[in-house]
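Observations on the three-dimensional arrangement
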Amino acid sequence: MSLPRRTFALFLAMTPGIGGRSVTRILARNDLLNRSAEEFLRLSAEAFIEEYRLSAKAAANLAHEPEKRIKLVQEAEKHLTGLGVNLISSADAHYPNLIEEMDPDPPGILFLYGNARLLEGSTFCVLSSRNSRPADLDLIEKLAEEGVLRSEVLVSGHDRPEYKRSAIVPLRWGSPRILCLDRGLFTALGKDLQNDTSSEAYLWRERFDPRTDLVISPFRPDAGFVGINNQVRDRLIGCLAKRLAFVQIAEGGNMERIAKLALKAGRQVEVSDRSPNFRSLVQLGASVISS
């Protein structure tokens, strides 16, 4: 019995040491060689290293008891499918164009839970570098509310003051939102995916509502947070937004890189004059948010 592509992609994504880009590289090379998942799994660890440019650790994990781990992955896939979670790799035709047209190094795997149709709407985000001041947080909330009242769909995170300030706004108005995670779905929403990502959400609803919102994670469902995850999360938020508003941008930081990627991709970019370096982005095509 052949291994379905989705199951094989999940198997790869759940293998320690294999990140999203490696999953995409394996799937693409197998397609090129017309190599089935079963043929791939019969290769040696040395072949994984030489042909697929995997690390020695990843190759060893991949070659260790694949049949046993496939059964575990099939059980996990059944659980994810039952919960309504969708898995997309960047090698799939329905991988979001919004990401590919902006990010030169897009996440290789995305786990989606909720209303995926939100990606087809008018999306926006309000971004700001860390350690934003109280007045910056007030502006984040104001800009988020303006977008929501224009019937735009907010794309945000869940665990930084800058993201919490914007993510709560759609809840007040009964509007949908897209939340991007810096950890796995189970880690953020619980094993049944019913917990909301913030305690403040319980003022408006008892549990997370997948009919209204969409949560996206580029990490394994049970993955915890590690340092580099926040940069991947920030870039994903920027890519999924058709309009990007920035409040504070640290010079040389991740937010500045996202703004430049967005401008290069032809996105609508707005920068607050509260940010000391806003003029350099205006010269590249950004518009000014006047305070």
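Everything below is about the structure shown above.
Now for a description of the structure that goes with this document. Everything numeric in this text was worked out from a predicted model, so none of it was measured.

What the rule picks out here adds up to 4 aromatic pairs. By the ring-pair criterion, three or more aromatic residues cluster together here, those being F8, F40, F48 and Y52. A cation over a ring is seen here: R29 above Y52, with NZ or CZ 5.8 Å from the ring centre. Across the ring face of Y163, the terminal group of R160 is positioned such that the distance to the ring centre comes to 5.0 Å.

Attention now moves to the environment of P104. Looking at where P104 falls in the secondary structure, it is placed in the loop between α7 (97-100) and β2 (109-114). Relative accessible area serves as the criterion here: at 71%, P104 is assigned to the exposed category. Residues P104 and L261 lie 157 residues apart in sequence; the distance between their C-alpha atoms is 8.8 Å.

This paragraph deals with the side chain of S166. Along the chain, S166 falls in helix α9 (residues 161-167). A polar side-chain atom of S166 sits 3.0 Å from a polar atom in the side chain of S156.

A few words now on the pattern of salt bridges. Proximity of charged atoms lets side chains of opposite charge pair with each other. Inspection of every chain in the model, using the stated rule, returns 27 salt bridges. When the shortest N-O distance is used, the salt bridge between R35 and E51 registers 3.1 Å. Here R35 is found in the loop between α2 (20-33) and α3 (37-41), whereas its partner E51 is found in helix α4 (residues 45-52), with 16 residues between them in sequence. With a relative accessible area of 28%, E51 lands in the partly exposed category. Linked by salt bridges that have partners in common, D159, R160, E162, D182, R183, R233 and D234 make up one network.

What follows concerns the side chain of R69. Locating R69 in the fold gives a position in helix α6 (residues 66-83). The charged side chain of R69 is buried without a salt bridge, its nearest counter-charge being E65 at 6.7 Å. A polar side-chain atom of R69 sits 2.8 Å from the main-chain carbonyl oxygen of N61. Aside from chain neighbours lying at most four places away, what touches R69 is F11, T15, N61, L62, A63 and H64.

The rules behind each value
Residues numbered from 1 in each chain as written. Predicted model: local features only at pLDDT ≥ 70, side-chain atom pairs only at ≥ 80, totals over all residues. Heavy atoms only, no water. Phe/Tyr/Trp six-rings, centres within 6.5 Å; stacked < 30°, edge-to-face > 60°. Lys NZ or Arg CZ within 6 Å of the ring centre and 35° of its normal. Helix = DSSP H or I, 4+ residues; strand = E, 2+ residues; numbered from the N terminus. Buried < 20%, exposed > 50% of the residue type's maximum accessible area, 1.4 Å probe, protein only. Polar contact = N/O pair within 3.5 Å; in protein donor to acceptor, adjacent residues only side chain to side chain. Salt bridge = Lys/Arg side-chain N within 4 Å of Asp/Glu carboxyl O. Lys, Arg positive; Asp, Glu negative; His and termini not counted. Contact = heavy atoms within 4.5 Å.

Any link to function would need more than the numbers given here.
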